[in-house]
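# Structural features, examined
The lines below spell out each chain.
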Amino acid sequence: MEKVFYVTTPIYYVNAEPHLGHAYTTVVADFLARWHRLDGYRTYFLTGTDEHGETVYRAALAAGQDPKAFVDRVSERFRRAWELLGIAYDDFIRTTEGRHKRVVQAVLEKVYQAGDIYYGEYEGLYCVSCERFYTEKELSEGLCPIHGRPVERRKEGNYFFRMEKYRPWLLQYLKDHPDLIRPEGYRNEVLAMLSEPIGDLSISRPKARVPWGIPLPWDEGHVTYVWFDALLNYVSALDYPEGERFQTLWPHAWHLIGKDILKPHAVFWPTMLKAAGIPVYRHLNVGGYLLGPDGRKMSKTLGNVVDPFLLAERYGRDAVRYYLLREIPYGQDAAVGEEALRVRYEADLADNLGNLVQRLRAMLFRFAGGRVPEPVAGEELEAGTALLPRLRPLVRELRFHMALEAVMDYVKALNRYLNEKRPWELKKEDPEGARAVLYRVVEGLRIASVLLTPAMPDKMAELRRALGLPEPGGLEEAGRWGLAAPLPLPEEAPILFPKEEKPLKASPKEEKALEQISLEDFAKVELRVAEVVAAERHPNADRLLVLRLSLGGEERTVVSGIAQWYRPEDLVGKRVVLVANLRPTRLRGVESQGMILAAQEGEKLVLVTVDGDIPPGAVVR
Ligand code: MSP
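The paragraphs below set out a description of the structure included in this document. All values reported here derive from a predicted model rather than from experimental measurement.

Once that is clear, we can look at the site of the ligand. In the region of the ligand, 24 residues are neighbours, and Ile11, Asp50, Asp260, Leu290 and Met298 sit closest. One of the backbone nitrogen or oxygen atoms of Ile11 is found 2.8 Å away from a nitrogen atom of the ligand. One of the side-chain nitrogen or oxygen atoms of Asp50 is found 2.7 Å away from a nitrogen atom of the ligand. Residue assignment for the shell around the ligand shows that the elements contributing at least two residues are β2 (12–13), α1 (20–38), α7 (226–231), α8 (233–236) and β13 (253–258). Along the lines of polarity and charge, the residues of the shell around the ligand split into 13 nonpolar, eight polar and three charged.

Pasting the structure below:
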């Protein structure tokens, strides 16, 4: 079999900020891309932003911005988001790019010339947020089934694509390719859609109403309907039709989408491809909805979004990735939230995996001279080499949660093995035997780390460093025993998955004592007036600002979580109160030398400043 893998995410509308729902599909795509890359496939991972259409146009107007400036800004937010989640895409396409517009126009021209596009009048019920017309039947209690908003009755001159003509062909194609749409439930939904006429597809909008789009090559008065434009990103990014990437990658295309956009991908897209003479993609993989804490689909409109960056800041990006992949059976709806993430983090990552690495390191230092011992046969732990052949089909069939569960079960078996063999006792009579036990656990962790790398790339690299293991040359190394070489361990290794100290609940008596402190206690805190001389956004955290403070003779850098309330440029010149003798700490990579005081109530926050003219450096008492 040719080892080529091409994976895509939907291209995201730039009218909303990225949330956990978007992040989920993108993390799944990144996992698949990393898995295949590590497995020696020529891999191409495409994501991007969908920037045309009425909703985006209106959002730009509402923001008081020129549409181009608006889409540039929000598209950049998606790029940043993916950077923060460790998404290693190969290409990021934007539908406002020249390379994309050229392909859209070429395909339109081709389909028009072939006689599959005609002019007509359309009347229907339109949801502006979805950018589409609905039939009465599709509405839910008269409202848009996705947004729960009223729809508008609209009539206008449009060009139509003869989609209905391709219905029998598509039905047959689905029957001949039973694994085209997965999981199967969605395939059945599409078969049901195709059992009745699907009608023709309106593929243009009058430019007078929606000026923000790609003009039709034969009629400048109309722009391309956003779906006809957007779907083509999957081939425009490959330089269709002549590009080498198109030729090589396209037959192996896996699309990943959310179930909300099943019809465009399962009905519009294959019929468009057929009309344009392009073969159909290999798989359409359909994910369920992530539900907000209220049990409804997470969306900006409903205001129930969970912010992936906040979670990544608190738990680390690899924990967020692991959580999404481990917790959600692909294809199903799932309620997600911080509490469930914390439970997974503590049980699977901190207690099962991270703790084992710590214990093992301690033992290797105590009775193996701080090195990985000499390789030995694997005993029962050699079963780890059988994980890879079990996982390969699970991953190809999108059962990520089961794949990760299997690896974590193996890590549990490593913990059990260590506890049963008790090398700390064994070492007295049989030091060789004790070292062999340690070797097997190191080797088991090496295997687990290779298999977990696509889900947690950073943390697994850290784990290998902590145990003196090299980076894997390929996924197949998880299928072999005895690769860990007797190398020294680094003296220091950070705790892989640190647990936050839970605030101990004080007894009522202790609480009383906590309420009051002595003057000496208070005097330990050194408070000083400081002037903000410079301020900027933190390079790695949206909620943080990095301030440069003058204390008269001395300058300090302080990282402060006030980005939500203050713009950097408004802070310069302010005199604030600094806790000057706080132990320095690194916040997302920047050292913070102290803390500034602020008053907060609920959502409101203001900085504590001084009342009157007093030079920076003055002591506050
Ligand atoms: N621009 C179109 C897609 C064009 S693809 C040629 C679009 N964009 S979107 O930003 O509104 O949504 C894109 C995708 O984000 C959804 O299909 C889905 O994959 C993901 N999700 C957005 N909210 C989601 C949840 N609450 N849950 C799971 N995924 C969701 O549609």
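After that view of the structure, there is still more to cover.
Another point: the packing of aromatic side chains. Across all of its chains, the model carries 25 aromatic pairs by this definition. An angle of 80° between the planes, with centres 5.8 Å apart, marks the rings of Tyr330 and Phe400 as edge-to-face. Residue Tyr330 is found in the loop between α12 (317–327) and β16 (334–335), and its partner Phe400 is found in helix α15 (residues 400–421); the two are separated by 70 residues along the sequence. Its relative accessible area of 10% is what places Tyr330 among the buried residues. Members of the aromatic cluster, each reached through a chain of ring pairs, are Tyr6, Tyr44, Tyr234, Tyr240, Phe246, Trp250 and Trp269. Note that Arg79 overlies the ring of Phe92, its terminal NZ or CZ placed 4.4 Å from the centroid. The cationic tip of Arg182 hangs over the ring face of Trp254; the distance from NZ or CZ to the ring centre is 4.7 Å.

Counting buried positions along strand β19 (residues 555–560) gives five out of six residues, so the element sits mostly inside the fold. Two successive antiparallel strands, strand β18 (residues 545–550) and β19, enclose a turn made up of four residues, where Gly552 displays a positive phi of approximately 85°.

Together, Ile517, Leu519 and Phe522 make up a nonpolar patch on the protein surface, roughly 340 Å² of accessible area in all. Assignment of secondary structure puts Phe522 in helix α20 (residues 519–523). When its relative accessible area of 36% is taken as the criterion, Phe522 is described as partly exposed.

This part is about the environment of Gly331. For Gly331, the location among the structural elements is in the loop between α12 and β16. According to the relative accessible area criterion, Gly331 is buried, its value standing at 9%. For the pair formed by Gly331 and Leu302, sequence separation is 29 residues and the distance between their alpha carbons is 22 Å. The residues contacting Gly331, other than those within four sequence positions of it, are Pro183, Tyr186, Val286, Gly287 and Gly288.

Let's shift gears to unusual backbone geometry. In the segment running from Arg182 into Pro183, the intervening peptide bond is cis, with an omega of -15°. One can find Pro183 in the loop between β8 (181–182) and α6 (184–194). In the segment running from Tyr240 into Pro241, the intervening peptide bond is cis, with an omega of 0°. Inspection of the secondary structure assignment puts Pro241 in the loop between α8 and α9 (244–249). Positive phi, close to 45°, is recorded for Arg422, a residue that is not glycine. Within the secondary structure, Arg422 sits in the loop between α15 and α16 (423–429). For Arg588, which is not glycine, the phi dihedral falls at a positive 50°. Residue placement: Arg588 occurs in the loop between β21 (585–587) and β22 (590–592). Overall, Arg588 belongs to the partly exposed group, its relative accessible area being 30%.

Reading across from one edge, β6-β5-β7-β9 is the order of the four strands in this open sheet, with antiparallel pairing throughout. Edge positions in the open sheet fall to β6 (132–134) and β9 (201–202), since each of these has one partner strand only. Of the pairings in the sheet, the one linking strand β5 (residues 117–127) to strand β7 (residues 152–161) comprises ten bridges and is antiparallel in character. Residue pairing for β7: Gly124 is matched across the bridge by Arg154.

Another aspect to go through is the side chain of Thr385. Locating Thr385 in the fold gives a position in the loop between α13 (338–367) and α14 (387–396). Within the local environment of Thr385, its side chain forms a polar contact with the backbone oxygen of Glu382, the two atoms lying 2.7 Å apart. The contacts of Thr385, once residues within four sequence positions are left out, are Ile447, Ala478, Gly479, Arg480 and Trp481.

For Thr224, the position within the fold is in strand β12 (residues 219–224). Among the residues examined, Thr224 registers a relative accessible area of 4% and is labelled buried. Spatially, the C-alpha atoms of Thr224 and Gln105 are 8.9 Å apart, while their sequence positions differ by 119 residues. Every residue in contact with Thr224, bar those within four places of it in the chain, is listed here: Val104, Leu108, Ile203, Ser204, Ile214, Pro215, Leu216 and Asp229.

With that out of the way, let us pick up the sheet that holds strand β11 (residues 215–216). One open sheet accounts for three strands, arranged β10-β12-β11; its pairing is antiparallel. Among the strands making up the open sheet, the edge pair consists of β10 (204–206) and β11. Two elements, β10 and β12, share three bridges in a ladder whose sense is antiparallel. Across the sheet, residue Pro206 finds its bridge partner in β12, namely His222.

About the thresholds
- The residue count restarts for each chain, going from 1 along the sequence in the order it is written.
- With the structure being a predicted model, the display of local features is reserved for residues of pLDDT at least 70 and the display and counting of side-chain atom pairs for 80 or more, all residues being used for whole-chain, interface and lining totals.
- Values shown for side chains rest on all heavy atoms present in the structure; no hydrogens or waters enter the calculation.
- One heavy atom within 4 Å of a molecule or strand is enough for the residue carrying it to be called near that molecule or strand.
- Each polar contact in these results corresponds to two N or O atoms within 3.5 Å; when the atoms are within protein, one needs to be able to donate a hydrogen and the other to accept it, and residues that are neighboring in sequence are counted only if both atoms are side-chain atoms.
- Elements are defined by DSSP. Helices are runs of H or I of four residues or more, strands are runs of E of two residues or more, and each kind is numbered from the N terminus.
- All residues other than Ala, Val, Leu, Ile, Met, Phe, Trp, Tyr, Cys, Pro, Asp, Glu, Lys and Arg, Gly among them, are scored as polar; the first ten of these are nonpolar and the last four charged.
- In this scheme Phe, Tyr and Trp rings, the latter by its six-membered ring, pair at centre separations within 6.5 Å, and the angle between planes marks the pair as stacked below 30 degrees, edge-to-face above 60, and tilted otherwise.
- Only protein chains enter the accessibility calculation, which uses a 1.4 Å probe; a residue whose area is less than 20% of its type maximum is buried, one above 50% is exposed, and one in between is partly exposed.
- Charges are assigned to positions over rings by a cutoff of 6 Å between ring centre and Lys NZ or Arg CZ, combined with an angular limit of 35 degrees from the ring normal.
- In this scheme, strands are said to pair when DSSP sees at least two bridges between them.
- Nonpolar side chains (Val, Leu, Ile, Met, Phe, Trp, Tyr) are joined into patches within 5 Å and like charges within 9 Å, using only residues with over 30% relative accessible area and no salt bridge.
- Accessibility throughout is a Shrake-Rupley quantity obtained with a 1.4 Å probe, and a residue counts as covered only by protein chains that appear here.
- A side-chain nitrogen of Lys or Arg and a carboxyl oxygen of Asp or Glu constitute a salt bridge if their distance falls within 4 Å.
- Residues are treated as being in contact if the distance between any of their heavy atoms lies within 4.5 Å.

Purely geometric numbers; function is a separate question.
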